[in-house]
Amino acid sequence: MSSILQDIRYAVRMLLRFPGFTLLAISTLVLGIGANTAIFSIVNSVLLEPLPYAAPEELVRIYSTSPDFDRGGANPLDALDWRAQNRSFETLSIHHNSEMTVSIGAEPMRAAVTRVTANFFDMLGIRPPLGRTFLLEEETVGNHQVALISHAFWLAYFGGDTDILGRTFQIGETPYEVIGVLPRGFRTPLRGNAGEPAIYRPMALNLEQVGRGGHFMQVIARLRSGVTIEQAQQEMIALTEAIEQRFPDQKTDRRARVVSLTENIVGDYRKSLTVLMIAVGFVLLIACTNVGALFMARAATRQREISVRAAMGATRWQLIRQVFVESLVLSLAGGAIAVLVGAWLASVIATAGSDLVPRIESVGVDGRVLAFTAAAAVCGALLFGLLPAIHLARGRGPAALHDSARGMAGNRDIRRTLRWMIVAEVAFSIILLTSAGLVIRSLWTLSSVEPGFDVERLLFVPVALSGERYAEEAQVVAFWDEIEARLVRHPEIASVSATNILPFSGGHSCDGYEVEGDPEMAGSLRPCAEVRRVTESYFETMGIQLLRGRGFLPSDQPETTHAIVISQSLARRIGGDPIGKRLRAGSMADDQWGEIVGISADIRHFGLAEEPFPELYILNRQQTTWWMTLIVRVRGDQSAAAVPIVRRETRELDPTIPLNKLEPMSALVWRSLGENRLRAILFGGFALIALVLAACGIYGVLSHGVANRTRELGVRMALGADRRTLLGSVLRESLRTTLLGVAIGTLGALAIARLMESLLFGISSVDPMTFILVILLLVVVAMAASWLPARRAMRVDPATALRSE
């Protein structure tokens, strides 16, 4: 033990004796280990930490699937049947997230409100620090006007008042009593399209008004002890088949799918984070190679010291241990700083990805992260310290003293090892740069995709009409007619419309439909299409092209036959000439048929990366909904002027409507690229670090190598060798080394690219342009790093070089 402590003290003295070398090595290690610490912190938070609920391994998500969707929402009545009839689950909870008008005082606002069954919080094992959760009897209409609020909402709008229990606020025009405040940091397992809920209220359904056509509920359940997911899956299939047999008119070929809640939340991010962890691992390898090259270059100057110690009786093991302890002290010092750098970097990434990656908000440094950083530091010491230690320990005795007098030029083993280190750096850099290039090219390709409508100069704001003044459908229709008439009078506004589900909002409403006389729909098996309720000028406002037929007209009134416009993909599915055919959607009465009057161009409703899904459009005044999004197209660059106009006219018409989320449509499309953009920034940032490290490593090794060849180069120039010829020979040697690294790295990049295939859009994982550009970039960087020290060596006067030796 005393000998180890002595080695540590000696290592510290040696590192302090050469502060430039020590600072450079530690800085390099901080970059490599810190980057790995940051990404592992995120992997730990998202993938490794258990969900913050009681016995999370027992929790499952239940989807309602169809031939078109394998992750669809559940019908409310179906979900209630599942809850009543299953034997696989200890408890089953239903919830639905939406955005509602909330009034606290005089000022209305939009907030995320979630309806949940009474057992929701008990199932998750959540106990409010203030108040209570819901009671079973509060699931019934008339007893449901109670609410739980999030901790953040409590602080923001009630000032953290501990006397909050019993106070009321309004959702729409209905008063709700606060019965509890949820714990700080609680997040619902499934946030939905409206974001993280601020308010929870009981799931009180009027069963007489709920049909089996819509599928929009989210279902979570807890498995009974001893029941597996596979067993629960089989029972749920049997239950859904039984429901279809009981209601043959609603047959849609739907089934239930049971998946682990953990896998449901983070499964889509597992591959992205795994590939990112592999990529950032190459940053550490490059950093370790750099530091290893520094140690190897320094080895030539330490051979005399090692030989003297050997002559005084030190064994080979003692010499290896001493040099390795020095590298370990250096690596642990870098690791200690890297923890702070990694924690800071992880917090920056978590802030940027808080709305994109689930559970990333809880990122932090815990025991597992510290253990990973320590392991990375020890592995780094092994990677960059062991080989120089063996080289030094092997160089003992008179021959070593002779070699040390000649410098590195006299030790071919060290020169050969350094060349292989350059090969390794180039190879690792090729792999990381290619991965980053593929991700960036994918983002570029994705952002160039046309969504199918004109994104520019569009503003939108969600509007929910509620209360006595909108009790009748005619009152809702009148509101939309009036607000459109008011707004289009202004020269800044070109067109106004509304829809119940805006593209890129994340919302969907896939209803079954049938075409009259279609033999393929025999047996009431209904395919699914996205149903949109829109106002008359929707296609004009959105800039969606009408391919055939007509759009909606003033003559399309509630008492006339429903006019239906279908998308191009739905027209292809129906086949033939669909204009004039009669169609009935799931939301229409059994005896109610609409007529297809037009065909519109497809739009990418679910995102630029998603193929267009069949859609049908119904006029809102013929089939009314109370929840719509107002869409305004402005003229030219009048967006700034149009915003106050929209606010003023809407407030004059109805001052209770909140307009706190008036946004440009381009922002919604931009946010839809958020995950791809974050991935590209991370890969690109780490690739840039790798490129800088590689360039510095190549420059450092070659600079040191050329400096140690001063005597050789001086002799050759003294004998008449041309400076340009010598410069060319140095660069050719560097180019051969670089190309060998390129060849090895390209093979590794091809293997990593295969893992990334599912993360790319519109390009191949072996995209030739990306590979060629990366190879050219790295060759140019390597040659630039080689040219500078070689050119400096050529300027040395031969006589001076010979005298210095």
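Residues numbered from 1 in each chain as written. Predicted model: local features only at pLDDT ≥ 70, side-chain atom pairs only at ≥ 80, totals over all residues. Heavy atoms only, no water.

*Asks:* Explain the packing of helix α12 (residues 473-488) against helix α15 (residues 639-653) here, please?
*Replies:* Helices that pack against each other are described as a pair by the angle of their axes relative to one another and the distance between those axes. Interhelical geometry of α12 versus α15 gives an angle of 140° and a closest axis separation of 10 Å. Relative to α15, α12 is oriented oblique. Here the hand of the crossing between α12 and α15 comes out right-handed. In this structure, α12 uses Phe479, Glu482, Ile483, Arg486 and Leu487 to contact α15, whose residues at the interface are Ile645, Val646, Glu649, Thr650, Glu652 and Leu653. Looking at side-chain class alone, the contact of α12 with α15 contains six nonpolar, one polar and four charged residues. (Axes fitted to C-alpha atoms, helices over the stretch in contact; angles between N-to-C directions. Helix = DSSP H or I, 4+ residues; strand = E, 2+ residues; numbered from the N terminus. Parallel < 35°, antiparallel > 145°, perpendicular 65-115°, else oblique. Left-handed = near helix turned anticlockwise from the far one by under 90°. Contact = heavy atoms within 4.5 Å. Nonpolar A, V, L, I, M, F, W, Y, C, P; charged D, E, K, R; others polar.)

*Asks:* Would you mind showing me how to read the pairing of strand β7 (residues 174-181) here?
*Replies:* Consecutive side chains of a regular strand alternate in pointing toward one face of the sheet and then the other. Taken together, the two bridges between strand β4 (residues 130-131) and β7 define a ladder with antiparallel strand orientation. Following the sheet pairing, Gly131 is matched in β7 by Gly180. Alignment of strand β5 (residues 146-149) against β7, held across four bridges, turns out to be parallel. Bridge assignment links Val146 to a residue of β7, and that residue is Glu177. As paired elements, strand β6 (residues 168-171) and β7 share four bridges and run antiparallel to each other. Its bridge partner being in β7, Phe169 is matched across the sheet by Tyr176. (Pairing = 2+ DSSP bridges.)

*Asks:* Can you help me understand helix α3 (residues 76-85) in this one?
*Replies:* Each α-helix winds once per 3.6 residues, and so residues spaced three or four apart point in a common direction. Along α3, the residues that are buried comprise Pro76, Leu77, Asp78, Ala79, Asp81 and Trp82. Packing partners of the buried residues in α3 comprise β1 (59-65), β2 (89-104), β9 (218-223), α6 (229-246) and β10 (255-260). Put simply, Asn75 is the residue that caps the front of α3, since its side-chain oxygen is 2.9 Å from the backbone nitrogen of Leu77. (Buried < 20%, exposed > 50% of the residue type's maximum accessible area, 1.4 Å probe, protein only. Polar contact = N/O pair within 3.5 Å; in protein donor to acceptor, adjacent residues only side chain to side chain.)

*Asks:* So what exactly am I meant to see when it comes to the nonpolar core here?
*Replies:* Across soluble globular proteins, you tend to see nonpolar side chains buried next to one another. If you look at the biggest cluster of nonpolar residues, it comprises 90 residues, and the most contacted ones within it are Phe121, Phe134, Phe186 and Tyr200. The element that contributes the greatest number of residues to this core is helix α7 (residues 261-311), accounting for 16 residues. Other than its neighbours up to four places away in sequence, Tyr200 contacts Thr114, Val116, Phe120, Phe121, Phe134, Val146, Ala147, Leu148, Leu182, Phe186 and Thr188. (Core = buried A, V, L, I, M, F, W, Y, C linked by side-chain atoms within 4.5 Å.)

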